[in-house]
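Working through the structure, step by step
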Amino acid sequence: MTATPTTESPNTEPDAHRDYWKSVLRHDVPASIVVFLVALPLSLGIAVASDAPIMAGLIAAVVGGIVAGALGGSPLLASGPAAGLTVVVAELVAQFGWKLTTAITVCAGILQILFGLSRIARAALAISPIVVHAMLAGIGLTIALQQVHVLLGGASKSTAWQNIADLPAQILSAKPATVIVGGIVIATMLIWKRVPGVLARIPGPLVAIVLATAASLVLPLDVARIALNGSILDAIALPAMPDGQWLAFATGVLTVALIASVESLLSAVAVDKMHTGRRSDLNRELVGQGAANTLSGLLGGLPVTGVIVRSATNVASGARSRASTILHGIWLLLFSVFLVGVVEQIPMSALAGLLIVIGIQLVKLGHIRMAHRTGDLVVYVVTVASVVFLNLLEGVAIGLVVAIVLVLWRAVRVSIHSEPVGADSRHWRVTIDGTCTFLSSPRLTRVLRAVPPGADVDVELTVDFLDHAAYEVIEEWASQQRATGGTVVIDKIGLSAMAAAAAAPPRRRAFAAVARGLAPWGATQQRRDQDDDALRPVLDGIEHYHRRHAPLLRTHWQHDPDTGRGPHALFLTCVDSGVVPNLITSSGPGDLVTIRNLGNLLPRGETDPSIEAALAMALEDQALTSVVVCGHSGCAAMRALLDERNVPTAVNSWLVHAEPSWRSFRDGHPVAKAAAEAGFDRQDQLAMVNVAQQIHTLRQHPLVGPAYAEGRLEIVGLFFDIASGQVLRVTTTGFADLRTG
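The structure reproduced in this document is the subject of the present report. (Residues numbered from 1 in each chain as written. Predicted model: local features only at pLDDT ≥ 70, side-chain atom pairs only at ≥ 80, totals over all residues. Heavy atoms only, no water.)

Topic: the nonpolar core
Let me state the cut-off plainly: Take the buried Ala, Val, Leu, Ile, Met, Phe, Trp, Tyr and Cys residues and link them wherever side-chain atoms come within 4.5 Å; each set so joined is a nonpolar core. Only protein chains enter the accessibility calculation, which uses a 1.4 Å probe. A residue is then buried if its area is under 20% of the maximum for its type, exposed if over 50%, and partly exposed in between. Secondary structure elements are defined from DSSP: runs of H or I of at least 4 residues count as helices, runs of E of at least 2 residues count as strands, and each element is numbered from the N terminus.
Of all hydrophobic cores here, the largest spans 99 residues; its most connected members are Met135, Ile139, Leu302, Val309, Leu332 and Leu354. If one sorts the elements of this core by residue count, helix H10 (residues 246-272) sits on top with twelve residues. Leu572, Ala637, Ala658 and Val691 belong to the second largest nonpolar core, which has 44 residues in total.

Description of the packing of helix H5 (residues 129-151) against helix H15 (residues 348-361)
Threshold: The axes used here are C-alpha line fits, helices contributing only the stretch in contact, and every angle between their N-to-C directions lies in the interval 0 to 180 degrees. Roughly parallel here means an angle under 35 degrees, roughly antiparallel means over 145, roughly perpendicular means 65 to 115, and every remaining angle is called oblique. Crossing handedness is read from the near helix: turned anticlockwise from the far helix by less than a right angle, it gives a left-handed crossing, and turned clockwise, a right-handed one. Contacts are assigned to residue pairs with any non-hydrogen atoms lying within 4.5 Å of each other. Classification used: nonpolar for Ala, Val, Leu, Ile, Met, Phe, Trp, Tyr, Cys and Pro, charged for Asp, Glu, Lys and Arg, polar for all others including Gly.
Closest axis-to-axis distance for the H5/H15 pair is 8 Å, and the angle between their directions is 155°. Regarding the angle of H5 to H15, the classification is roughly antiparallel. Crossing of H5 over H15 shows left-handed handedness. Facing Gly140, Leu141, Ile143, Ala144, Gln147, Val148, Val150 and Leu151 of H5, the residues of H15 in contact are Met348, Ser349, Ala352, Gly353, Leu355, Ile356, Gly359 and Ile360. When its residues are assigned to classes, the contact of H5 with H15 shows eleven nonpolar, five polar and no charged.

Focus: the sheet that holds strand E3 (residues 414-420)
The following threshold applies: Strands are labelled as partners when DSSP assigns at least two bridges between them.
With mixed pairing, the four strands of this open sheet are ordered in space as E3-E4-E5-E6. Only two strands of the sheet have a single partner each, and these edge strands are E3 and strand E6 (487-490). Across the sheet, the mean angle separating the axes of adjacent strands is 15° when strand polarity is ignored. Two strands pair when backbone bridges link them, and strand E5 (residues 456-466) and E6 are joined in this way by four bridges, in the parallel orientation. Residue pairing in the sheet places Val457 in a bridge with Val488 of E6. The strands touched by helix H19 (residues 441-449) within the sheet are E3 and strand E4 (427-436), with E3 carrying the most contacts at an inclination of about 5°.

Section: unusual backbone geometry
Within the chain, Ser586 stands out as a residue other than glycine whose phi angle is a positive 50°. Its place among the elements puts Ser586 in the loop between helix H26 (581-584) and strand E8 (592-596). On the basis of relative accessibility, which here comes to 69%, the residue Ser586 falls in the exposed class.

Thoughts on the packing of aromatic side chains
How we decide: The pairing test for Phe, Tyr and Trp rings, Trp by its six-membered ring, is centres within 6.5 Å, and the orientation test on the planes gives stacked under 30 degrees, edge-to-face over 60, and tilted for anything in between.
Using the criterion set out here, one finds six aromatic pairs in the structure. Taking 5.9 Å as the distance between ring centres and 85° as the angle between the ring planes, the aromatic pair formed by Phe680 and Phe719 counts as edge-to-face. Taken together, the positions of Phe680 in the loop between helix H31 (670-677) and helix H32 (682-699) and Phe719 in strand E10 (residues 714-721) put the pair 39 residues apart, joining distant regions of the chain. Accessibility expressed as a relative area gives 8% for Phe680, which makes it buried. Given a relative accessible area of 0%, Phe719 falls into the buried group.

Quick word on the pairing of E4
What counts is decided by this rule: When the strands point away from the viewer and the path from the first strand over the helix to the second turns clockwise, the crossover is right-handed.
In this structure, E3 lies alongside E4, joined through seven bridges in antiparallel fashion. Note that in E4 the partner of Glu419 across the bridge is Arg429. Where E4 lies against E5, ten bridges are found, and the strand directions are parallel. Across the sheet, residue Cys436 finds its bridge partner in E5, namely Leu466. In this region the chain leaves E4, passes through H19 and returns to the parallel neighbour E5; the handedness of that crossover is right-handed.

Brief notes about the side chain of Thr437
Mapping Thr437 onto the fold places it in the loop between E4 and H19. Excluding anything up to four places from it in sequence, Thr437 contacts Phe465, Asp467 and Ala470.

Description of the pairing of strand E7 (residues 569-573)
Across the five residues that make up E7, a large majority, five, are buried. Both faces of E7 are covered, namely the face carrying Ala569, Phe571 and Thr573 and the face carrying Leu570 and Leu572. In the sheet, E7 pairs with E8 via five bridges, with the strands oriented parallel. The residue bridging Leu570 from the neighbouring strand is Val593, located in E8. Pairing of E7 with strand E9 (residues 626-632), which is carried by five bridges, proceeds in the parallel orientation. Residue pairing for E9: Ala569 is matched across the bridge by Ser626.

Quick word on the packing of H10 against helix H12 (residues 308-316)
Here H10 crosses H12 at 20°, and the two axes come no closer than 10 Å. Considered as vectors, H10 and H12 are oriented roughly parallel to each other. Judged by the sense of rotation from one axis to the other, the crossing of H10 with H12 is right-handed. Residues Ser267, Ala270 and Val271 of H10 pack against Ile308, Ser311 and Val315 of H12. Each residue belonging to the contact of H10 with H12 can be placed in one class, and the counts come to four nonpolar, two polar and no charged.

What to know about the state of the cysteines
Counted only if it meets this: To count as a disulfide, a pair of cysteine sulfur atoms needs to be within 2.5 Å.
In this structure the tally under the stated criterion is zero disulfides. Considering cysteine sulfurs only, Cys574 is the nearest to Cys635, which forms no disulfide, with 4.2 Å between them.

With respect to helix H16 (residues 365-373)
In an α-helix, one turn spans 3.6 residues, which is why side chains three or four residues apart end up on the same side. What counts here: Throughout, the arc means the angular range of directions from the helix axis out to the C-beta atoms.
For H16, the complete set of buried residues consists of Gly366, His367, Ala371 and Arg373. Taken end-on, H16 shows its buried residues confined to a sector of 165°, consistent with a single buried face. Exposed and facing more than 90 degrees away from the buried side of H16 are Leu365 and His372. Buried-residue contacts for H16 involve H5, helix H17 (377-389), H31, strand E11 (726-730) and strand E12 (735-737).

Some remarks on the pattern of salt bridges
Between side chains of opposite charge, a pair can form when the charged atoms approach closely. The following threshold applies: Salt bridges are counted wherever a side-chain nitrogen of Lys or Arg sits within 4 Å of a carboxyl oxygen of Asp or Glu.
Taken as a whole and assessed by the stated rule, the structure comprises five salt bridges. A salt bridge links Glu419 to Arg429; its shortest N-O distance comes to 3.4 Å. Separated by ten residues along the polypeptide, Glu419 in strand E3 and Arg429 in strand E4 bring together distant segments of the chain. Looking at Arg429, the relative accessible area reads 29%, which means it is partly exposed. Between Asp456 and Arg426 there is a salt bridge, with its nearest N and O atoms 3.5 Å apart. Residue Asp456 is found in strand E5, and its partner Arg426 is found in the loop between E3 and E4; the two are separated by 30 residues along the sequence.

Brief notes about the side chain of Ser264
In this fold, Ser264 is placed in helix H10. Contacts of Ser264, omitting those with residues within four sequence positions, involve Leu77, Gln289, Thr305 and Gly306.

Section: the sheet that holds E11
One open sheet accounts for six strands, arranged E8-E7-E9-E10-E11-E12; its pairing is mixed. On the outer flanks of this sheet lie E8 and E12, each paired with one strand and no other. The average undirected angle you get between the axes of adjacent strands in this sheet is 30°. Across seven bridges, the pairing between E9 and E10 is parallel. When the bridges of E10 are listed, Gly631 appears paired with Phe719. The strands touched by helix H27 (residues 609-619) within the sheet are E7 and E8, with E8 carrying the most contacts at an inclination of about 170°.

Here's what the structure looks like:
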């Protein structure tokens, strides 16, 4: 009989250490071996591309893995020499020679340490997530394009253009032996994802490399293998300081420091998006990168940065802590000193196959769908193309510029529309909604001129920003309209904005939500720090209702109950205060019958009298045409199901009704898969599956089912993403965007 340890146990600390080392052995050690296998050829190739001694790449890889891994602030970020600096380093070597270039690396490392201590690294978080996703995809495609040539028995070219242009000739001259070895790796990695049981715990890349290497040794295959000249210890050399050219030297230091810092920070931000563990301390990461560069330069190594390819491999291989990044540096050191012969048995085409798969895996279909869904696809495509065909930093810079331009375009865009009201052509309505500036003047003028002279016009001006140029356009048009015998009535909110535009510099105002009565209490009521009346927000809200909305809605309530007019839909949704049915459906009094409970659940077997009574009363109304089930993002009920944490007994008793949804989610419901591909987290995936499950339950309900089967009643599923305000339609197999523009 074994005792279960508790938090009060005196053995808690030893247990924590034991669990940590078990995790390291199970997860970090295998992952570090895979990262080592990826880092080895990359480090050698970058050294060659930089016109540096080949062992300089291994020195940088060892120092980056051990020093940056131990001191950095991003636990799963694997560091070493990176492709982003190859052109810069090659130019420095040509201008100063190798030993002066290592001195530049030392000084750049010291400068990075100062950057980290000044705590400016958090600025990297201002980068758009779409740009980061596109950066990853661009790097992945670049690596894949390069390694295809190696897989075919050739050598990768220096640019993506050359790799694409030379690919047809390379295919025609492909070496069957290298293709076979690389194909073994690719096939193994693709198949290994579906291997069941204990074998699945072994990293697929490791299995693929071992199988491909064994096949190349057993079969009569003539393939190129990794070549190392001497030991890494023989390549250690101290830097030399310049004799003159100090300005050029300082420029080189600043260039290397900036590029290495930006690339490391971008990689750290990208790695944070790949796992759910501890987030990166970016300032500490710069200090760690600086220390690694300082030591790498002193030993005669290349500049060090955080490398996204190794880091992505690290995460994908199951690493859990910084032990993996440190160990991969140790493996590089040990193999470079003692086991050069073993490393030299690995075929280059096997590593090429590994890198091709890793590169392609950086292109996530879910990210592309999200970019399309959020209107950022142009940012994604431009960033990917720029990273592939230019370089990493220029690609990210161009992507950021496009993202900023898109944000500005969305910020200044205004909705302007004019239309006649009813059959009377003398009565027109003009709506102006959004941000109204001088950039909107041409469109504003065109729409206003479409209104006939002499017409009576109501202007609904619900803008959050109005400058003097737009104010003058509206004022001049209104004067001309009145001069021709017409009238112009501007909404009260609009009058306030108009007056402010002529009296002071323009400033942003949140008019639209307030004008429509949609803003929460906090946006419309002043704080009363000394007011102890807990009911005051409710009373103030009622007063606002009587003043603004009651006169407008009174006519909608004055109808004959015998006319048969009644609610059109029954709306089953959650108790969460962020879900406002009349708001998200733009419905008014009398349109909806609303049933709310925790998790928008419909118990099977008619076990809840309250819900059954509400259904029965609603279905008696002949005007009812649909039943709507609406889930929402961040649902506490779904979180409780996922976390299986302690919740109040009443909540546990109620969530029994959600068991069918939980089982469907656990069994891989198609709605969950579609939501995952679109970028939704597990909690929201379960919420969507829950909506699909309630649709199924409603179709079988003894009250709702017959009306649905006869076609008298529609059953609709919705999902409300509270953060974005977007409403999706959920079916039993997926979901769709309901936006029309």
